[in-house]
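# Fold and contact review
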Amino acid sequence: MIPPNIQELDANDGLAHKRKAFNLPDHVIYLNGNSLGPLPASVPGRIESLIKQEWGTDLITSWNKHGWIDLPQQVGEKLAGLLGAAPGQVVCCDSVSINLFKLLSAALQLRPERKVVLSQADNFPTDLYMAQGLESLLGSGCMDLNTVPAENLLPSLNEQVAVLYLTQVDFRSGARHDIAQLTRAAHEQGALVIWDLSHSVGVLPLELDAWQVDFAVGCGYKFLNGGPGAPAFIYANATHHDQFQQRLQGWMGHAAPFSFSSEYQAASGIAQFLTGTPNIISLAALDAALDVFADIEADELHGKVCQLTDLFLQLVDSEPTLRDLKLQSPSDSGQRGAQLAWSHPQAWGISRALHSLGVMVDYREPDLLRFGFSPLVLSFEEVGRSVQALRKILGERIYTRAEFQNRLKVT
């Protein structure tokens, strides 16, 4: 039975109507938007039109006729409002990994007298991998990656640091950094900042211009609901435009790509971060998906995220059968993103058992059960039912069944 206060929360939910903007299977409670956002109802029609009319009939003329060539900037401008960015500072292209390489190499050029890139020791792996790869390419004389625990970031900032390189929301625990504080601290030491906002954009209020952030990246397939492998984005503060050379010099980043010059001349402004031919079908899907945010304020999204996660946490804490779950996320909603994580020795089996009951969550090594809360699609009643399913699985030890023990390639 769902407690009466949950019914009241649903009755007063100002975002409840947005659920109709998504195609979700019946009888599925989706707590995995922090890995892959659900399908917006507007996307299939947009893709069908693109394939049948724009590609199928208009063919190559669509680069001009339907504005394909401008999609990276068009989608970037739609994202700008969610990032707290003025026009001309966001472009959508490539992947987070590739964009991190671009930004790291750019930032190091802006601080040629320094070589230290400071990051968190348990930062998201791709962020560390890209930094390690660039360090290997440049050599220790040009770049030195220094990773420290989160609590040592502020003490490690000094006049040798060129770039503070962080993810705002920890992908394991959901703990979040204070962007404004850390950016200010980095600037006081003369360092630049690069923020990975993959678990932030679409659920947390962001004010990149006001916080004087230098650079940021993020993906389009989590809370932005752009689809599997959706393009990523780059934010580059206008104060840095044209002050460096973007090193992945592809033809779309050229000032005049269709001059086909053998000599590279970078485009001005944010367009310099383009590299290869845009992925039009993926960009169109993300473009359509972003329309759902057009009439929503970030504070409204975050307000519901706090309510959803606080309710889930309260219900779990009130269940004696769930006492073996160990919370790994901050208990204060102001200190976390849109997810909660618990550790348990049988977390994998629990996650698979939840899937069998229609509650989609995910698992992270070595023992984390992770729940993501998409404020546009989740109801408070679904939060209540998901905790009931969790109670059943642990109370009856359903997770021990053999069918829930086999590991999958993607977890």
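Provided above is the structure to which this section pertains.
Now for a quick tour of the structure. (Residues numbered from 1 in each chain as written. Predicted model: local features only at pLDDT ≥ 70, side-chain atom pairs only at ≥ 80, totals over all residues. Heavy atoms only, no water.)

Of regular secondary structure, the protein possesses 12 helices and 15 strands. Here the C-alpha radius of gyration of the protein, 22 Å, is about what a compact globule of 411 residues would show, namely 22 Å. The buried share of the protein, reckoned over its 411 residues, is 54%. Intrachain contacts of the protein at a sequence separation of at least 6 include 72% that bridge at least 24 residues. Summed over its atoms, the accessible surface of the protein is roughly 17600 Å², and 51% of this surface lies on carbon and sulfur atoms. Measuring between centres, the 30 positive side-chain charges of the protein sit 7 Å from its 44 negative side-chain charges. (Helix = DSSP H or I, 4+ residues; strand = E, 2+ residues; numbered from the N terminus. Rg over C-alpha atoms; globule rule 2.2 N^0.38 Å. Buried < 20%, exposed > 50% of the residue type's maximum accessible area, 1.4 Å probe, protein only. Contact = heavy atoms within 4.5 Å. Areas by Shrake-Rupley, 256 points an atom, 1.4 Å probe, with all protein chains shown as cover. Lys, Arg positive; Asp, Glu negative; His and termini not counted. Charge placed at Lys NZ, Arg CZ, Asp CG, Glu CD.)

This brings us to the layout of surface pockets. Taken as a whole, the largest pocket spans an internal volume of roughly 670 Å³. Counting residues per element, the ones that place at least two in the lining of the largest pocket are α5 (96-110), α6 (125-138), α11 (347-356) and β14 (362-364). Of the residues forming the lining of the largest pocket, the biggest block, 4 residues, is contributed by α11. Class assignment of the residues belonging to the lining of the largest pocket gives a composition of 15 nonpolar, 15 polar and 8 charged. Estimated volume of the second largest pocket: approximately 310 Å³. Sorting the residues of the lining of the second largest pocket by element identifies α4 (71-83) and α10 (298-317) as the ones contributing at least two each. Sorting elements by how many residues they give to the lining of the second largest pocket places α4 first, with 3 residues. For the lining of the second largest pocket, the residue count by class is 8 nonpolar, 1 polar and 5 charged. (1 Å grid on protein atoms, 1.4 Å probe; cavity = no way out; pocket = protein on both sides within 12 Å on 5 of 7 lines; lining within 4 Å. Points joined across faces, edges and corners; volume = space filled by probe spheres on them. Nonpolar A, V, L, I, M, F, W, Y, C, P; charged D, E, K, R; others polar.)

Attention now moves to the packing of aromatic side chains. A complete count under the given rule lists 12 aromatic pairs for this structure. With centroids separated by 5.6 Å and ring planes inclined at 90°, the aromatic side chains of Phe-258 and Phe-260 adopt a geometry described as edge-to-face. For Phe-258, a relative accessible area of 54% translates into the label exposed. An aromatic cluster of three or more residues is present, and its members are Phe-312, Trp-342, Phe-371 and Phe-373. (Phe/Tyr/Trp six-rings, centres within 6.5 Å; stacked < 30°, edge-to-face > 60°.)

Relative to the helices and strands, Thr-309 is located in helix α10. The exposure class of Thr-309 is buried, given its relative accessible area of 0%. For the pair Thr-309 and Gln-339, spaced 30 residues apart in the sequence, the C-alpha separation amounts to 7.1 Å. Excluding anything up to four places from it in sequence, Thr-309 contacts Ser-333, Arg-336, Leu-340 and Phe-373.

The strand order across the open sheet formed by 4 strands is β11-β12-β15-β14, and the pairing between neighbours is antiparallel. For this open sheet the edge positions go to β11 (326-327) and β14, each flanked by a neighbour on one side alone. Here strand β12 (residues 339-343) pairs with strand β15 (residues 368-372) via 5 bridges, running antiparallel. Residue Ser-343 lies in a different strand from β15, and its bridge partner there is Leu-368. α11 contacts β14 and β15 of the sheet and is inclined by roughly 40° relative to β15. (Pairing = 2+ DSSP bridges. Axes fitted to C-alpha atoms, helices over the stretch in contact; angles between N-to-C directions.)

Quick look at the environment of Leu-134 now. Tracing the sequence through the fold places Leu-134 in helix α6. Excluding its chain neighbours within four sequence positions, the residues that come into contact with Leu-134 are Phe-101, Leu-104, Ser-105, Leu-108 and Met-143.

With that out of the way, let us pick up the nonpolar core. In this structure, Leu-83, Leu-164, Trp-195 and Leu-197 are the most contacted members of the largest nonpolar core, which totals 55 residues. The greatest single-element share of this core, amounting to 8 residues, is contributed by helix α9 (residues 280-290). Those residues in contact with Leu-83 that lie beyond four places of it in its chain are Val-90, Leu-197, Val-201, Leu-206, Glu-207, Leu-208 and Phe-233. Core analysis: the second largest hydrophobic core is formed by 35 residues, Ile-29, Ala-353, Phe-373 and Ile-398 among them. (Core = buried A, V, L, I, M, F, W, Y, C linked by side-chain atoms within 4.5 Å.)

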